[in-house]
Amino acid sequence: MHHFRYVGQNLHCESVDLAEVARLYGTPTYVYSASTMADNYTRLSGSMKGLDAQVCYAVKANSNLAVIRHLGNLGSAFEFASAGEMRRVIAAGASVRRSVFAGVGKTELEIRQALEAGIYSFHVESEPELARINHVAGKLGVKAAIAIRVNPDVDAHTHAKITTGTSANKFGIPLRQAAAAYEAASKYPHITIRGIQSHIGSQITDVKPFVETLEKLAPLAAELKERHRIEYISIGGGIGIVYRDALASGAASWWDAQPEASRPLTPEVYGATLSPMLAKLGLKVLLEPGRSMVANAGVLLTRVEYLKRGQGKNFLIVDAGMNDLVRPAMYDSYHEVVPLQRDTTRRALVADVVGPICESTDCFAKDRQVQEVGEGEYLALMSAGAYGHVMASRYNTRPIPAEVLVKGSAFEQVTARETFEQIIANEKIPAFLK
Ligand SMILES: *Cc1c(COP(=O)(O)O)cnc(C)c1O
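1. Here we look at the domain arrangement of the chain
Move 1: Partitioning the chain into structural domains gives domain 1 (34–290) and domain 2 (296–423).
Move 2: Facing 17 residues of domain 1, the contacting portion of domain 2 comprises 20 residues.
Move 3: Joining domain 1 to domain 2, the criterion identifies 0 salt bridges.
Move 4: Between domain 1 and domain 2 we count 8 residue pairs in polar contact (both at pLDDT 80 or more) in total.
Move 5: Take the side of domain 1 that touches domain 2: its biggest share by element is 4 residues, from helix α2 (residues 34–45).
Move 6: Among the residues making up the side of domain 1 that touches domain 2, the classes are represented as 9 nonpolar, 5 polar and 3 charged.

Quick look at the structure:
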């Protein structure tokens, strides 16, 4: 459920008319609903009844400073995939003391920065990384707390997860080898074993893969608690959201209308299913949601530049491109496209909604039925709050888009649109060409 809805004929984010935002700040612009994020956060953190649970928001989903600060104010800790993301958390005025550092390629510099910042734990993805963390901690004269990311080999029904052969496994350490890796960890003088971690994938809309993962991890977690006195288990992120009926899903009536079996995974079902299993372990629980905190809290506003009527095919050419929102081009993902100003007297139009970039993958929607709109009118691409702005690029020398945060009737630009001067600021003509 989210806070985007039509008030009269105008699409609003909370109490703010999105057309006003578009006129004020131009397009393409991402707009986020603070109340939607707060609901998402509160529902998930409240779903783990009776447990000592800590949400560590996965910063990579949306790393805007205001978003980080907002979730931090609500009580969230953080999961970062780079020192850059960690530094964003610090720059946002949030604490990293309860936060964790994940990722397969942590550099020595990143490890040092994280140790100096005093993070809660490193999520280790390989044995060489363990050795490196021990080495860096030794140089600093400190102990590094770690958990090993265990790959339970569970099919999350998203992307194929099965790895074969003996080549290095990008996704953590296989369950079979995990006990040995923990034994190795226990021998390092500058390592403290603090937990166990698993993250099986993203946009998972069924609770079963999470259950299967916990079933596989539970015996090892119990053993580690006994042997190494671990204090926490992190069950990762990955909870999926509704993309197809994005706008309608904001209403409670939509959820009630879904047959129970086909209802997308809610935080309540997730929590109610997993907490009894987790309670048995007697460990602190970390949750690392990214997408489910922010995806349905964001839209990308775009302006229609042209309606091009081709042979048996219409194209709505908009001013947002794949550089601004790459998910459709990269993952064939679906985003609902809706007008900021609804007009039920107009005809429907079937069109490809495309951007201005010189790539045929620069397409947001194929043969999509939308209200007929013309030049200068605005559209919203729904559910663009996660893996949207963070993946934006300057391809075609287009500026990184603006971001606006809304709370109630208040709104503020939280990222200014880049200027051309900023885009070229780090470039120069070498002396030998002058
Ligand atoms: C990306 C990631 C997450 C967040 O995943 P979502 O699907 O966005 O919830 C959590 N943990 C780890 C280790 C990740 O890499």
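There is more to say, and it comes next.
2. As for unusual backbone geometry
Move 1: A cis amide bond links T27 with the next residue in sequence, P28, at an omega value of -10°.
Move 2: Tracing the backbone shows P28 in the loop between α1 (18–25) and β4 (29–33).
Move 3: Positive phi values are uncommon outside glycine, yet Y387 reaches one of about 55°.
Move 4: Mapped onto the fold, Y387 is located in the loop between β19 (378–381) and β20 (402–407).

3. Side note on the site of the ligand
Move 1: The environment of the ligand is formed by 13 residues, the closest being K60, S202, E288, R291 and Y387.
Move 2: Between the ligand and the protein, one listed contact pairs an oxygen atom with a side-chain N or O atom of K60 at 2.8 Å.
Move 3: Protein burial of the ligand: of its 380 Å² of free accessible surface, 91% is covered by the chains.
Move 4: The class makeup of the residues in the shell around the ligand is 3 nonpolar, 5 polar and 5 charged.

4. A closer look at the pattern of salt bridges
As a working rule, side chains carrying opposite charge can pair if their charged atoms are close by.
Move 1: Following the criterion strictly, the structure yields 18 salt bridges and no others.
Move 2: With a closest N to O distance of 3.5 Å, R194 and E231 form a salt bridge. Of the two residues, R194 is situated in strand β11 (residues 191–197) and E231 in the loop between α8 (208–228) and β12 (232–234); the sequence distance between them amounts to 37 residues.
Move 3: Salt bridges sharing partners connect three or more residues here, namely E183, K187 and R227.

5. Considering the packing of aromatic side chains
Move 1: Applying the stated criterion to the full structure yields 8 aromatic pairs.
Move 2: Considering the side-chain rings of Y57 and F78, the 6.5 Å spacing of their centres and the 80° angle between planes classify their relative orientation as edge-to-face. Of the two residues, Y57 is situated in strand β5 (residues 53–58) and F78 in strand β6 (residues 77–80); the sequence distance between them amounts to 21 residues.
Move 3: Given the relative accessible area of 0%, F78 is considered buried.
Move 4: Aromatic side chains Y120 and Y232 sit 5.2 Å apart centroid to centroid with 45° between the ring planes, which places their arrangement in the tilted category. Of this pair, Y120 sits in the loop between α5 (108–117) and β8 (121–124) while Y232 sits in strand β12; the two residues are 112 residues apart in sequence, bridging distant segments of the chain.

What counts as what
Residues numbered from 1 in each chain as written. Predicted model: local features only at pLDDT ≥ 70, side-chain atom pairs only at ≥ 80, totals over all residues. Heavy atoms only, no water. Domains from an automatic or database assignment. Contact = heavy atoms within 4.5 Å. Salt bridge = Lys/Arg side-chain N within 4 Å of Asp/Glu carboxyl O. Polar contact = N/O pair within 3.5 Å; in protein donor to acceptor, adjacent residues only side chain to side chain. Helix = DSSP H or I, 4+ residues; strand = E, 2+ residues; numbered from the N terminus. Nonpolar A, V, L, I, M, F, W, Y, C, P; charged D, E, K, R; others polar. Near = heavy atom within 4 Å. Areas by Shrake-Rupley, 256 points an atom, 1.4 Å probe, with all protein chains shown as cover. Phe/Tyr/Trp six-rings, centres within 6.5 Å; stacked < 30°, edge-to-face > 60°. Buried < 20%, exposed > 50% of the residue type's maximum accessible area, 1.4 Å probe, protein only.

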